[in-house]
Amino acid sequence: MSVSTAALDPSVCAPLPVLGQDVTVPLVTGGEVTYAALDYAASAPALQRVWDDVAAYAPYYGSVHRGAGYLSQLSTDLFENSRRTVAEFLGCRPEDQVVFTRSTTDSLNLLAAAIPANCQVFVYETEHHASLLPWRDAQVTYLDAPRTPGQAVETLERALADRDPYGPALVCVTGASNVTGELWPVKELAVAAHAHGARIVLDAAQLAPHHPVDIAELDVDWVAFSGHKLYAPFGSGVLAGRADWLQAAEPYLAGGGASRRVARRADGGVDVDWHTTAARHEAGSPNVIGVYSIASACKALTEAGFDNLVARERELVSRVREGLAEVPEVQVLSLFGDDAPRVGVISFVVRGWNSSHFAAALSAEYGIGVRDGLFCAHPLVRTLLGSDPQDPGECGAPEAEPGERSLNAIRVSFGAGTPDEHIDRFLRAVTELVREGAQWKYRTEDGRCVPDRGEAAQV
């Protein structure tokens, strides 16, 4: 395989240290190998910097906004300083709020609960379910999958032109596809939305770990992303942006922290004065460690230099795409075409292979972790595969047996912590599996393709 091995200056673009770099896993064929984590789009490994920062803080952990003691005050300062760090990382405007949530899904559900009555929501069918599904109480217009960035803008402009121009409207769009990795024309979509009196929220779950996100520069109204994709574990997320809808809405959760004053009434009821700050939607004891881990990751990525990270990742993307292009049986999935800019997320199918079978063989025989399925973006993957929207197939539960065609795909994803060796091993494994077949037999168990521990394949 004549894949380019030209590397960028390692002193400038070396992989960032992440946890798990030395973890070994057993191979079904015997022996062990260092695990190649190539499922960053699902959950990226924690940066070593993040882990070290959290470990240093852990002995000082205390209640937030609740105590007069030293550790409580320290933890409160750390929590609020983390909010400022995230605001700076996102280029927030002075009047924007940063609300801490559990994930991108949680962030977008919070926003969905805060939109005004009779709000019209416009969302492309290409979205991750986190941004496709939360708008259950709104009037939703689902837009067809565009085939070029320009078509995406034109489709939105037509849809907005046909709406009731006097009511509130919201556009929800991804920054980078979790299936194809392709970058969407966010700034142009924001211009179109605002020209028609609509607001726009950016799902940056796949964009923020790979590329700078600047709310003011993009002129979006809100940004949502998850810590676990930004090299920060512990179940935390962010919704950042305009405060007015959030201040006007009922608290996302009712409870301590969201309330400023609670008093009994003479009739036996309760009067509540809710906060108008981000605390309005942060009821309960917050995930301080999760929030701090996000702030630590933001600092680490900023200090590493996004220009360097983007340049190195662009090189890795080119190497993967060039390598896959040399295997005729491999079909890479794309909306916008081969020349579209993209982050380190690539999905593909292999002719003659069930996608779950192929992913299982990558893991069991090569120690490579990828993902197979519909990636919580069912309409998009079915569109890319040219299947009927009613065809069977669901995330993580392929119905086909090993060797049969499946309606799922395989996704390889990588980022700031990915070593060159992992990319090389992946490309070599793809070529060997396609040309020589698997070395082991596999079977379906509980909806997953797994190695049959009883016998090896006849090769």
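Residues numbered from 1 in each chain as written. Predicted model: local features only at pLDDT ≥ 70, side-chain atom pairs only at ≥ 80, totals over all residues. Heavy atoms only, no water.

A. The overall build of the protein, seen in detail. Scanning the protein from terminus to terminus reveals 14 helices and 19 strands. Relative to the compact-globule value of 23 Å for 459 residues, the protein shows a C-alpha radius of gyration of 23 Å, a close match. Considering only C-alpha atoms, the protein reaches an extent of 80 × 55 × 45 Å along its principal axes. Burial statistics for the protein: of 459 residues in total, 55% are counted as buried. Accessible surface, the protein: about 19500 Å² in total, of which carbon and sulfur atoms supply 50%. Charge centroids of the protein, computed over 37 positive and 59 negative side chains, lie 4 Å from each other. (Helix = DSSP H or I, 4+ residues; strand = E, 2+ residues; numbered from the N terminus. Rg over C-alpha atoms; globule rule 2.2 N^0.38 Å. Buried < 20%, exposed > 50% of the residue type's maximum accessible area, 1.4 Å probe, protein only. Areas by Shrake-Rupley, 256 points an atom, 1.4 Å probe, with all protein chains shown as cover. Lys, Arg positive; Asp, Glu negative; His and termini not counted. Charge placed at Lys NZ, Arg CZ, Asp CG, Glu CD.)

B. View of the pattern of salt bridges. Applying the stated criterion across every chain, the model contains 23 salt bridges. The partner of Glu-303 in a salt bridge is Arg-49, and the shortest N-O contact between them spans 2.9 Å. Taken as a pair, Glu-303 in helix α10 (residues 288–304) and Arg-49 in helix α2 (residues 48–57) lie far apart in primary sequence, 254 residues in all. Taken together, the salt bridges that share partners define one network made up of Arg-199, Asp-221, Arg-242 and Asp-244. (Salt bridge = Lys/Arg side-chain N within 4 Å of Asp/Glu carboxyl O.)

C. Molecular detail of the sheet that holds strand β7 (residues 169–174). The mixed open sheet is built from seven strands, whose spatial order is β4-β10-β9-β8-β7-β5-β6. The open sheet has two edge strands, β4 (97–101) and β6 (139–143), and neither has a second partner. Across the sheet, the mean angle from the axis of one strand to that of its neighbour is 20°, orientation sign disregarded. One ladder, built from five bridges, connects β4 with strand β10 (residues 237–241); its direction is antiparallel. Residue pairing in the sheet places Thr-101 in a bridge with Gly-237 of β10. Helix α3 (residues 70–89) contacts β4, β9 (222–226) and β10 of the sheet and is inclined by roughly 115° relative to β4. Against the sheet, helix α4 (residues 104–114) engages β4, β7, β8 (199–203), β9 and β10, with an angle of about 150° to β9. (Pairing = 2+ DSSP bridges. Axes fitted to C-alpha atoms, helices over the stretch in contact; angles between N-to-C directions. Contact = heavy atoms within 4.5 Å.)

D. Seen up close, the state of the cysteines. Under the defined criterion, the tally for this structure stands at zero disulfides. Cys-92 takes part in no disulfide bond, and the closest cysteine sulfur to it belongs to Cys-298, at a distance of 10 Å. (Disulfide = S-S within 2.5 Å.)

E. Spatial organisation of the pairing of strand β17 (residues 409–413). Buried residues dominate β17, accounting for five of its five residues. Covered by surrounding structure in β17 are Ala-409, Arg-411 and Ser-413 together with Ile-410 and Val-412, the residues of both alternating faces. Examined bridge by bridge, strand β14 (residues 345–350) and β17 share four bridges and lie antiparallel to one another. Paired with Val-345 across the two strands is Ser-413, which belongs to β17. Bridge analysis of strand β16 (residues 371–373) against β17 gives three bridges, and the strand direction is antiparallel. Each bridged residue has a counterpart across the sheet, and for Gly-373 the counterpart in β17 is Ala-409.

F. Spatial organisation of unusual backbone geometry. Backbone geometry at Asn-118 places phi at a positive 65°, although glycine is not the residue there. Mapped onto the elements of the fold, Asn-118 is located in the loop between α4 and β5 (120–124). Backbone geometry places Phe-375, a non-glycine residue, at a positive phi of 60°. Mapped onto the fold, Phe-375 is located in the loop between β16 and α13 (378–385).

G. Looking closely at the packing of aromatic side chains. Applying the stated criterion across every chain yields a total of eleven aromatic pairs. Ring centres of Tyr-40 and Tyr-231 lie 6.0 Å apart, and the angle between their planes is 75°; this geometry places the pair in the edge-to-face category. Remark: Tyr-231 occurs in the loop between β9 and β10 and Tyr-40 occurs in the loop between β3 (36–37) and α2; sequence separation between them is 191 residues. Residues Phe-348 and Phe-426 carry aromatic rings whose centres are separated by 6.1 Å and whose planes lie at 65° to one another, so their mutual orientation is edge-to-face. In this pair, Phe-348 is assigned in strand β14 and Phe-426 in helix α14 (residues 420–436), connecting sequence segments 78 residues apart. Under the relative-accessibility criterion, Phe-426 is labelled buried at 0%. (Phe/Tyr/Trp six-rings, centres within 6.5 Å; stacked < 30°, edge-to-face > 60°.)

H. Main features of the side chain of Ser-334. Mapped onto the elements, Ser-334 comes out in the loop between β13 (330–332) and β14. Looking at Ser-334, its side chain comes within polar contact range of the side chain of Glu-182, at 2.5 Å. At a separation of 3.5 Å, a polar atom in the side chain of Ser-334 contacts the side chain of Arg-342. Residues contacting Ser-334, with those up to four places away along its chain left out, are Arg-147, Thr-180, Glu-182, Arg-342 and Leu-384. (Polar contact = N/O pair within 3.5 Å; in protein donor to acceptor, adjacent residues only side chain to side chain.)

I. Inspection of the sheet that holds β14 at higher detail. One open sheet holds the four strands; their spatial order is β13-β14-β17-β16, and the pairing between them is antiparallel. A single partner strand is all that each edge strand has here, and the edge strands are β13 and β16. Direction aside, neighbouring strands of the sheet carry axes that sit 30° apart on average. Contacts from helix α11 (residues 306–325) reach β13, β14 and β17, with the element oriented near 10° to β14.

J. Region of the structure containing the packing of α2 against α10. Orientation of α2 relative to α10, taken along the N-to-C sense of each, is 140°, at an axis distance of 9 Å. As far as their axial angle goes, α10 and α2 are oblique. Crossing handedness for the pair α2 and α10: right-handed. Contact residues: α2 offers Arg-49, Val-50, Asp-53, Val-54 and Tyr-57, while α10 offers Val-288, Ile-289, Tyr-292, Ser-293, Ser-296, Ala-297, Lys-299, Ala-300 and Glu-303. A breakdown of the residues in the contact of α2 with α10 according to their chemical character gives eight nonpolar, two polar and four charged. (Parallel < 35°, antiparallel > 145°, perpendicular 65-115°, else oblique. Left-handed = near helix turned anticlockwise from the far one by under 90°. Nonpolar A, V, L, I, M, F, W, Y, C, P; charged D, E, K, R; others polar.)

K. Spotlight on the environment of Leu-38. By secondary structure assignment, the location of Leu-38 is in the loop between β3 and α2. Given the relative accessible area of 0%, Leu-38 is considered buried. Along the sequence, Leu-38 and His-422 sit 384 residues apart, while their C-alpha atoms lie 7.8 Å from each other. In this structure Leu-38 touches Ile-368, Gly-369, Val-370, Arg-411, Val-412, Ser-413, Phe-414, Thr-418, His-422, Ile-423 and Phe-426, once residues within four positions along its chain are discounted.

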